[in-house]
Amino acid sequence: MDGEIDPEELSALLSERADGSADETLRIVDIRDQRAFDRGHLPDSECIPFPELTSRVAELEGADRIVTVCPHGVASQQAAQLIGSYEGTQKARVESLRGGVEAWEQTVGELRATDAPDDESDADEGPESPF
């Protein structure tokens, strides 16, 4: 693990990425469960819940920089250490978001909710009657 990154610095990295001036591959890994992620997550982040991290860490190979995210910035430090110890990510800069999602909301204020599929609301109702 290479330490922590402040929300402002991560926001600047995302801006560089958006305008095409970023030179490195950045992966933002939210280690919360899928339900919490869907309610609100950082832009361009992906959900790899902490319990799945050891079996999915290979998905992060090839990234130049990896930032882990959790609610308050504590568990994401452990996740960053785990990712940094994996052979396929040892060349990557691996950091934890200082203060987690809470600090991001207070500083940057931007969270994205995952859109529910259009048919999700009808999923529990069974097939429609043809009548």
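As the structure is a prediction and not an experimental result, all values here were calculated from the model.

Engineer: Looking at this model, I keep getting lost on the sheet that holds strand β3 (residues 45–47). Mind explaining?
Structural biologist: Working definition: the strands of a sheet are paired by backbone hydrogen bonds and lie parallel or antiparallel to each other. Pairing is parallel in the open sheet, where five strands are placed in the order β1-β5-β4-β2-β3. On the outer flanks of this sheet lie β1 (4–5) and β3, each paired with one strand and no other. With three bridges joining them, strand β2 (residues 26–30) and β3 adopt parallel strand pairing. Paired with Ile 28 across the two strands is Ser 45, which belongs to β3. Strands in contact with helix α1 (residues 7–18) are β1, β2, β4 (65–69) and β5 (93–97); relative to β2, the strand with the most contacts, it is inclined by about 130°.

Engineer: Mind showing me how you'd approach the confidence of the model for the protein here?
Structural biologist: Regions with low pLDDT should not have their predicted coordinates read in detail. For the protein, per-residue confidence averages 87 on the pLDDT scale, and residues scoring 70 or more make up 86% of the total. Contacts for the low-pLDDT stretch residues 118–131, under 50 throughout, to residues beyond four places or in other chains number zero contacts.

Engineer: For this particular structure, what's the right way to read α1?
Structural biologist: Each turn of an α-helix holds 3.6 residues, which means side chains three or four residues apart point in the same direction. The end-to-end C-alpha distance of α1, which contains twelve residues, comes to 16 Å, matching closely the 16 Å that a straight helix rising 1.5 Å per residue would cover. For α1, the complete set of buried residues consists of Pro 7, Leu 10, Leu 13 and Leu 14. In a view along the axis of α1, the buried residues occupy a sector of 120°, so they form one face of it. Packing partners of the buried residues in α1 comprise β1, β2, β4, β5 and α5 (100–107). Where α1 ends, the next residue or the one after it, Gly 20, has phi of about 85°, a positive value.

Engineer: Looking at this model, I keep getting lost on the nonpolar core. Mind explaining?
Structural biologist: Counting residues in each nonpolar core, the largest one holds 14 residues, and the members touching the most others are Val 29, Leu 60, Ile 66, Ile 83 and Val 94. Top contributing element to this core by residue count: helix α4 (residues 75–85), with three residues. Excluding its chain neighbours within four sequence positions, the residues that come into contact with Leu 60 are Arg 27, Val 29, Glu 46, Ile 48, Ile 66, Ile 83 and Thr 89. Residues Leu 13, Leu 97, Val 101 and Trp 104 belong to the second largest nonpolar core, which totals twelve residues.

Engineer: It is not clear to me how the pairing of β5 should be interpreted in this structure. Could you clarify?
Structural biologist: Working note: regular strand, side chains alternate between the two faces of the sheet. The element β5 is largely enclosed, with a buried count of four among its five residues. Bridge count for β1 against β5 is two bridges, and the pairing is parallel. Paired with Ile 5 across the bridge in β5 is Leu 97. Alignment of β4 against β5, held across four bridges, turns out to be parallel. Bridge pairing links Arg 65 to Arg 93 in β5. Each parallel crossover has a hand, and for β4 linked through α4 to β5 it is right-handed.

Reading the values: rules and limits
Residues numbered from 1 in each chain as written. Predicted model: local features only at pLDDT ≥ 70, side-chain atom pairs only at ≥ 80, totals over all residues. Heavy atoms only, no water. Pairing = 2+ DSSP bridges. Helix = DSSP H or I, 4+ residues; strand = E, 2+ residues; numbered from the N terminus. Contact = heavy atoms within 4.5 Å. Axes fitted to C-alpha atoms, helices over the stretch in contact; angles between N-to-C directions. pLDDT = per-residue confidence, 0-100. Expected span 1.5 Å × (residues − 1). Buried < 20%, exposed > 50% of the residue type's maximum accessible area, 1.4 Å probe, protein only. Arc of directions from axis to C-beta. Core = buried A, V, L, I, M, F, W, Y, C linked by side-chain atoms within 4.5 Å. Right-handed = clockwise from strand over helix to strand, strands pointing away.

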